[in-house]
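Fold and geometry: a report
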Amino acid sequence: MDKIRVRFAPSPTGPLHIGGARTALFNWLFARKNNGVMVLRIEDTDLERSTEESERNILRDLKWLGIDWDEGPGVGGPYAPYRQTERLEIYREYTERLLAEEKAYYCFCSEEEVEEERQRQLARGEMPRYSGKCRNLSRAEQERCRQEGRQAVVRFRVPSGEKVVVEDLVRGRVEFDSDGIGDFVLVKSDGLPTYNYACVLDDYQMKISHVLRGEEHLSNTPRQILLYQALGWEPPKFAHISLILAEDRSKMSKRKGDVAVEQYRDKGYLPEAVVNFLALLGWSPEGEEEIFLLDELVQRFDLNRVSRAPAVFDMKKLQWLNGHYIKNSPLERITELAVPYLQKAGYLAEELTPEEWEWVKMVVASVREYPSCISEIVEHVDVFFNDEFAFEEEGLKEILQQEQVPQVVEALFAALEDTTDLTPEAAKKILRNISKGLKLGGKKVFMPLRIALTGSSHGPELNELIAILGKERVVSRIKRSLALAGVAQ
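Along each chain, numbering runs from 1 in the same order as the chain's sequence is written. In keeping with the model being predicted, local features are shown solely for residues with a pLDDT of at least 70 and side-chain atom pairs are shown and tallied solely at 80 or more, while totals for entire chains, interfaces and linings include all residues. Note that the side-chain values use all heavy atoms of the structure and ignore hydrogens as well as water.

Attention now moves to the nonpolar core. Within the largest apolar cluster, 52 residues are counted, with the highest numbers of intra-cluster contacts made by L62 and F313. By nonpolar core is meant a set of buried Ala, Val, Leu, Ile, Met, Phe, Trp, Tyr and Cys residues that side-chain atoms within 4.5 Å join together. Buried, partly exposed and exposed residues are distinguished by accessible area as a fraction of the type maximum, computed with a 1.4 Å probe on protein chains only: under 20%, between the cut-offs, and over 50%, respectively. Membership of the second largest hydrophobic core comes to 48 residues, among which are I326, V383, V409 and L440.

Helix and strand definitions here come from DSSP, where helices need a minimum of 4 consecutive H or I residues and strands a minimum of 2 consecutive E residues; each element is numbered from the N-terminal end. The length a helix should cover is 1.5 Å for every residue beyond the first. For helix α1 (residues 18–33), with 16 residues, the first-to-last C-alpha span of 22 Å sits near the 22 Å given by 1.5 Å per residue. Taken across its 16 residues, α1 has 13 buried, putting it largely inside the fold. Just downstream of α1, N35 is the residue with a positive phi angle, here 55°.

Below, the discussion takes up a positive patch on the surface. Taken together, K428, K429, R432 and K436 make up a surface patch of like positive charges. Topologically, R432 is positioned in helix α17 (residues 424–437). Note that patches include only residues with greater than 30% relative accessible area and no salt bridge, and the join distances are 9 Å for like charges and 5 Å for nonpolar side chains (Val, Leu, Ile, Met, Phe, Trp, Tyr). Residue-level accessible areas treat just the shown protein chains as cover; the underlying method is Shrake-Rupley with a 1.4 Å probe. Salt bridges are counted wherever a side-chain nitrogen of Lys or Arg sits within 4 Å of a carboxyl oxygen of Asp or Glu. For this count, His and the chain ends are skipped, Lys and Arg are scored as positive, and Asp and Glu as negative. Charged side chains are reduced to one point each, which is NZ for Lys, CZ for Arg, CG for Asp and CD for Glu.

Attention shifts here to the side chain of R450. Here R450 lies in helix α18 (residues 442–454). The side chain of R450 is buried and forms no salt bridge, while E461, the nearest opposite charge, is found at 5.4 Å. Should any heavy atoms of two residues lie within 4.5 Å, those residues are considered in contact. Once you skip the residues sitting within four places of it in the chain, R450 turns out to touch G455, S456, S457, H458, G459, P460, E461 and L462.

Our focus in this paragraph is the pairing of strand β9 (residues 237–241). Of all five residues making up β9, four are buried, and the element is well covered by its neighbours. Pairing of strand β8 (residues 210–214) with β9, which is carried by five bridges, proceeds in the parallel orientation. Residue pairing for β9: R213 is matched across the bridge by H240. Where the polypeptide runs from β8 across helix α7 (residues 221–231) and back to β9, its parallel neighbour, the crossover connection is right-handed. Paired strands are those between which DSSP finds at least two bridges. Seen with its strands pointing away from the viewer, a crossover is right-handed when the path leading from the first strand over the helix to the second is clockwise.

Attention now moves to the pattern of salt bridges. Applying the stated criterion to the full structure yields 36 salt bridges. Its salt-bridge partner being R92, residue E89 comes within 2.8 Å of it at the nearest N-O pair. In this pair, E89 and R92 are both assigned in helix α3 (residues 88–100), three residues apart and thus about one turn of the helix distant. The class of E89 is partly exposed, set by a relative accessible area of 47%. A network of salt bridges, in which partner residues are shared, links R7, R41, E43, R87, D202 and D203.

On the basis of which strands lie adjacent, the open sheet formed by three strands has the order β3-β4-β7 and antiparallel pairing. Every interior strand has two partners, whereas the edge strands, β3 (104–107) and β7 (185–187), have only one. Across the sheet, the mean angle from the axis of one strand to that of its neighbour is 45°, orientation sign disregarded. Of the pairings in the sheet, the one linking β3 to strand β4 (residues 153–156) comprises four bridges and is antiparallel in character. Looking at β4, one finds that A104 is bridged to F156. Axes here mean lines fitted to C-alpha atoms, for a helix over just the part in contact, with angles spanning 0 to 180 degrees between N-to-C directions.

Here's what the structure looks like:
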């Protein structure tokens, strides 16, 4: 197995989880770094919970993150089909082989009987495992069970007294005692394979060389290795990536924050920020650098630098990364992403004219350094849309009552009247000339004008604000504020 082949195999029972996205990313980076193949396989044998909508959403979110696949749904490949429910005949063939070789057997114990046995073992302080009650049923006994209407599962006959060794590429050598495993189910009573069984058959058939997955699957690995041995196959190399913990170092859960990729997409996180953040959850590059685009991650990724320790989901770091990418992305793109949020908030109409679009770009350019995600942009734009504002603090009126204010306002109005193209650069020149011409410090000029235009002592750059509002609204706002402050005009 010379060529590196990895797989991401989600169950379409819900949205793409952050942990699943990180697993997909690490597989993708490992494949791309080593000129390997990325396989996407849909493990949809949980018929009650699997849905086509969940599958579509998972594929959509993988593509949104920039994670593509060389084989799988929508692409095809030499080992199709890539949905487990379409591979049932393959599983049946191997089940018949294992039964014929007496490496598996029919078990007629009901779920209730198995659970009762489990509870008795727990009460005795024993590790719960199937006792092997049906291990040696004769054909006649099996037939009698069927005539009684008992449903059968197929169990794997776990060899006793063996050490199962996992040479994990992340966690090192891990040993398991086969006597602590118990005969596990391969095929459920409805004829569908279990996870441990189907993934072994699929990984072998699809020539998967490396299985990179979450740490929670480490306990499944000895069962899978035993299956490889029973079938006479060489197992792939395993690498179990550490868990992602919430900031309080507990398990991530919905009540502690967003856990699905789509939630971050819908809030306006950029895919490159999410990818950058996920890459740093459990993997550390050489050096101090933390900003990486996808192509750079491919070049830098190394399994040897994947940590055994749990990764902590640092929300502030994700927000910082996203803010960085918002500030450094093309303005046209950020505007396109921002418009739907502004429309939903009622600031913009559903259809924008070319002139309105250019105006919105100026608004976005003025405020995009503040939000940590695109949806937050609506919290910073009211100043551009609301002409009927109030003063944030009573003391601001006193600043408008300072003796130099009428001169400043008169000079601004005059300069605006003489200006044909009111750009941010032109506005900056006007403000500089007013300060110089009246021999006033910047604070004596800028602060009264800012308060008169916004009702606040802080906000976007004053020259940008003036250019965005335009002459008429600047004059109207200032006159209204001076009237509210009781300043004669």
